[in-house]
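Letter by letter, the chains look like this.
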Amino acid sequence: MTTTAPTAALPYQPPRLQPPVSPAELARWRALLHPDLRDDEDRWTIILTVACAAAHAIEGIPLIYTVATADSSSDGDDAGDARAVRTARRIKEALLKGSVLYGIPPAIDATFALADAVRADAEARGRPARIDDEAFFSRAGESLGPATATSYDDEAANGGDHDDDGEFVRTDSEAAAAAAAAATKQDDADVTARGAAHIRAVYRHNLPDIALRFRRAAALDLWRLTRDVNYGMTLSHSRVLGLADTELVVLAALVTMNLRAETLWHLRGARRVGWKEEVVASVRDACVEACRFWGRPTDRVPRVDEVSEESNGL
């Protein structure tokens with residue numbers, strides 16, 4: 001019987017701290033974007049928002065909002081307020097859509113940081129904090145009720161029958177329950193159809209091969225989650241961010257997460273929903289540069305010229 005000498009433990013290496021995002025770095029990444037994006041406040045903000053969230057660089061989110069709204073006071077009170085509201089809504093929606101990729105906790109942290117920035121901005125303007133209006137951050141404009149510290153606890157204590165749209169309504173009436181169940185079934189069908197349409201727009205003829213890989217991996221549960229929840233409920237919702245903007249969000253998250261196959265799919269998908277190749281390449285390059293600043297790997301991130309109309313890179 002032979003024995004081997006124990007391997008010496010590696011010396012302790014303290015973790016490298018990720019540097020915080022500064023206005024100068026933000027400006028540098030923005031400058032790498034194509035003019036169609038960097039000169040459009042609606043676009044550069046959502047791209048860099050998602051890159052920061054995917055990298056857990058949460059301090060970048062309020063900075064992006066602050067930079068984007070810095071000169072809106074010159075628009076006049078009402079116009080400046082409307083512009084700030086639009087910017088905040090789009091950033092928040094980008095965080096929500098990005099959460100299906102980088103996870104819920106970073107989206108929560110970033111959304112809370114954004115809310116603090118919105119309130120501070122409103123105070124500085126001497127304007128009401130629009131974020132405190134009911135339904136300010138609602139996707140469809142529905143009433144969510146007053147955002148008080150106890151409102152959610154009260155709703156739970158009352159059996160969940162507060163919601164105006166019936167989503168959380170409970171009732172003892174069999175007829176009402178049946179009607180609610182039928183409405184829910186139709187809503188679910190609508191969401192599934194919407195998600196499927198979004199997927200087809202991005203993947204086109206490449207979809208069967210990808211779906212087959214899910215089946216061969218015995219991952220139909222993951223496929224349904226992707227189709228019905230990620231795409232159906234989240235990514236395909238177009239009231240705040242449409243299909244083209246959503247592809248920018250998805251691409252920025254995937255590049256920052258150093259994923260190869262999925263980045264290939266959405267480099268291609270972004271082209272398919274209308275973005276020019278040079279615009280798509282600039283999103284990839286800006287996010288790669290941000291990752292270099294953070295010390296995050298990008299060795300698996302493909303280039304635009306590696307995209308194939310036929311191969312899925314699997």
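Please read all numbers here as calculations on a predicted model, not as lab measurements.

Q: Explain the pattern of salt bridges here, please?
A: Side chains that differ in sign of charge can pair as their charged atoms come close. For the structure on display, the rule yields 17 salt bridges. Linking E289 and R28 is a salt bridge whose minimum nitrogen-to-oxygen distance equals 2.8 Å. Taken together, the residues span a long stretch of sequence, with E289 in helix 13 (residues 277–294) and R28 in helix 1 (residues 23–32) at a distance of 261 residues. The exposure class assigned to R28 is partly exposed, which follows from its relative accessible area of 33%. Linked by salt bridges that have partners in common, D40, D42, R43, R86, R90 and D245 make up one network.

Q: In this structure, what is going on with the environment of T298? I would like to understand it.
A: With respect to the helices and strands, the residue T298 is situated in the segment after helix 13. As a C-alpha pair, T298 and M257 span 41 residues in sequence and 7.9 Å in three-dimensional space. Excluding its chain neighbours within four sequence positions, the residues that come into contact with T298 are N258, V288 and C291.

Q: What am I meant to see in the nonpolar core here?
A: Considering soluble globular proteins, one finds that nonpolar side chains tend to be buried as a cluster. Core analysis: the largest hydrophobic core is formed by 58 residues, its most contacted members being W29, I47, V283 and W294. When residues of this core are assigned to their parent elements, the largest contribution, ten residues, is made by helix 13. The contact partners of W294, leaving out residues within four places of it in the chain, are R16, Q18, P19, V21, W29, A51, C52, A55, A57 and T256. Counting residues in hydrophobic clusters, the runner-up holds 15 residues, among them Y231, V250, L254 and L264.

Q: What's the story with the packing of aromatic side chains in this structure? I'm lost.
A: Two aromatic rings are characterised by how far apart their centres lie and by the angle between their planes. Scanning the entire structure with this criterion turns up five aromatic pairs. Centroid distance W29 to F293: 5.6 Å. Interplanar angle 65°. Geometry classified as edge-to-face. Taken together, the residues W29 in helix 1 and F293 in helix 13 connect sequence positions 264 residues apart. On the basis of relative accessibility, which here comes to 0%, the residue W29 falls in the buried class. On the basis of relative accessible area, F293 is assigned to the buried category, the value being 19%. Between Y203 and Y231, the aromatic rings sit 6.4 Å apart at their centres with planes inclined by 75°, giving edge-to-face as the arrangement. Residue Y203 is located in helix 8 (residues 174–203), and its partner Y231 is located in helix 10 (residues 220–235); the two are separated by 28 residues in the primary sequence. Neither residue differs from the other here; Y203 and Y231 are each classed as buried. Taken together, the ring pairs in this structure connect W29, F293 and W294 into an aromatic cluster.

Q: Is there a simple way to explain the confidence of the model for the chain in this structure?
A: Detail in the predicted coordinates should be disregarded across regions flagged by low pLDDT. Considering every residue of the chain, the mean pLDDT works out to 83; 76% of them sit at 70 or more. Considering only residues more than four positions removed or in separate chains, one finds that residues 141–171, a stretch of pLDDT under 50, has 30 contacts.

The rules we used
- Residues numbered from 1 in each chain as written.
- Predicted model: local features only at pLDDT ≥ 70, side-chain atom pairs only at ≥ 80, totals over all residues.
- Heavy atoms only, no water.
- Salt bridge = Lys/Arg side-chain N within 4 Å of Asp/Glu carboxyl O.
- Helix = DSSP H or I, 4+ residues; strand = E, 2+ residues; numbered from the N terminus.
- Buried < 20%, exposed > 50% of the residue type's maximum accessible area, 1.4 Å probe, protein only.
- Contact = heavy atoms within 4.5 Å.
- Core = buried A, V, L, I, M, F, W, Y, C linked by side-chain atoms within 4.5 Å.
- Phe/Tyr/Trp six-rings, centres within 6.5 Å; stacked < 30°, edge-to-face > 60°.
- pLDDT = per-residue confidence, 0-100.

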